[in-house]
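Remarks on the overall topology
Here is how the chains run, residue by residue.
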Amino acid sequence: MELAPDIWFRYQIFDRLDPVREQLAKYLGASSEDVVFVENASHGVNAVLRSLHFDGPRNKILYLSLAYQMVKNTLAYVQNVTGERLVMVNITFPTSNEAILAAVQAALEANPGQIALASFSHITSVPSLILPVKELSSLVHAHGGMVLIDGAHVPGHMKLNIEDVGADFYVGNGHKWLYSPQGSAFLWVAKARQSLIMPTVISLEGQGQSYFQMAFSWLGTADYSSYLAMADAINFRANLGEDDIIAYLHKLAVDGGHALADAWGTDLLVEDDMIGAMVNVRLPTDDIPKALALPALLWSQYATWVPTFALQGRAYVRVSAQIYLELSDFHFLAQAISALLAQ
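My aim in this report is to walk through the structure given alongside it, one point at a time.

**Some points on the overall build of the protein chain**
Broken down by element type, the protein chain carries twelve helices and ten strands. Computed over the C-alpha atoms, the radius of gyration of the protein chain is 21 Å, within 12% of the 20 Å expected from 2.2 N^0.38 for a compact globule of 343 residues. The C-alpha extent of the protein chain, read off along each of the three principal axes, is 60 × 55 × 35 Å. Burial analysis of the protein chain (343 residues in total) assigns 54% to the buried set. The long-range fraction of contacts in the protein chain, counting pairs at least 24 apart against all pairs at least 6 apart in sequence, stands at 69%. Of the roughly 15,100 Å² of accessible surface on the protein chain, 52% is carried by carbon and sulfur atoms. For the protein chain, the distance from the average position of its 20 positive side-chain charges to the average position of its 33 negative side-chain charges is 5 Å.

Following this line, the structure appears as structure tokens:
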């Protein structure tokens, strides 16, 4: 790229990206015609939410209280600028797939013919749990709305077949769990919806097999090599064993979560079947400020870091499993947090 930047940006980059797109789409269970690269899931969510405009009685956007804060902030911006109204579905704990579906069903019935779009996380961030996005998509479609899935944590975290999910829009990161560099993500849009979506930066000076792909292919001079590395990440995972990675992460998260709960005499936030590779465990304290101070203390005193959060008056920690971790690391965390809380 730096050796001959004009040649790279004008001629080579587009030909290099197409094979990566093909490989990524196959990994995601999608057609390459429906996939474009974006810098991160936040860019993809913004592209969708800021492209769509709803007039008439069907002008509400539904989302869950569990949505990532960036999504909530973007929705608030859209509401202020365009006037679309928001419907938040509050999810309380304990919960289940059935309870979440029932809450969304009730919200749809309370707003008949008014929900234009629903936005759901596939795996929520804090707290972390897997949502029944296929069933949610079907439910919203039955009520005449479109569906955006924020799958920021999904690629590399769990098996994914985007077309089977049945949504209209799907975004995901490569730099969280797929092992590709920062700034590597994708946006998938169903063919019937592609004419509705434009990137957040308008250039229209790129190349692509369709207007949709051309519009997202060039957003200005930047280092697009992180996109190219997504192919290497997929190959690396294949060498280790894709299914083995996912199975190991899930088992370690579940076993490690229960080990933490046993050490502290507490419990997990959700049942094992709603856990992917991130587990939420109740901390052995109800002192919320003290719990929220733990991440910085863990880093300064133990050279490790995990997020803590408050939920319904209780304090929790979210712990991520990874291929370079083992159960002993969860025992180490249990002891470290116990020692800090005792100070």
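Resuming the write-up.
**Points about the pattern of salt bridges**
Counted according to the given criterion, the structure contains nine salt bridges. The shortest N-O distance in the salt bridge between Asp168 and Arg193 comes to 3.1 Å. Here Asp168 is found in the loop between α6 (162-165) and β6 (169-173), whereas its partner Arg193 is found in the loop between β7 (185-189) and α7 (211-217), with 25 residues between them in sequence. With a relative accessible area of 7%, Asp168 lands in the buried category. Judged by its relative accessible area of 27%, Arg193 is partly exposed.

**Here we look at the packing of aromatic side chains**
The relation between two aromatic rings is expressed through the spacing of the ring centres and the mutual angle of the planes. Tallied over the full model, the rule gives seven aromatic pairs. Residues Phe309 and Tyr316 carry aromatic rings whose centres are separated by 5.6 Å and whose planes lie at 15 degrees to one another, so their mutual orientation is stacked. Residue Phe309 is classed as buried on the basis of its relative accessible area, which comes to 7%. For Tyr316, a relative accessible area of 7% gives the class buried. An aromatic cluster is built from Phe37, Tyr224 and Tyr227, whose rings are joined through pairwise contacts.

**Thoughts on the environment of Phe186**
Relative to the assigned elements, Phe186 resides in strand β7. Spatially, the C-alpha atoms of Phe186 and Asn40 are 7.1 Å apart, while their sequence positions differ by 146 residues. In contact with Phe186, not counting residues within four places along its chain, are Leu24, Leu28, Val35, Val36, Phe37, Val38, Pro155, Ile162, Tyr170, Val171 and Gly172.

Analysis parameters
- Residues numbered from 1 in each chain as written.
- Predicted model: local features only at pLDDT ≥ 70, side-chain atom pairs only at ≥ 80, totals over all residues.
- Heavy atoms only, no water.
- Helix = DSSP H or I, 4+ residues; strand = E, 2+ residues; numbered from the N terminus.
- Rg over C-alpha atoms; globule rule 2.2 N^0.38 Å.
- Buried < 20%, exposed > 50% of the residue type's maximum accessible area, 1.4 Å probe, protein only.
- Contact = heavy atoms within 4.5 Å.
- Areas by Shrake-Rupley, 256 points an atom, 1.4 Å probe, with all protein chains shown as cover.
- Lys, Arg positive; Asp, Glu negative; His and termini not counted.
- Charge placed at Lys NZ, Arg CZ, Asp CG, Glu CD.
- Salt bridge = Lys/Arg side-chain N within 4 Å of Asp/Glu carboxyl O.
- Phe/Tyr/Trp six-rings, centres within 6.5 Å; stacked < 30°, edge-to-face > 60°.

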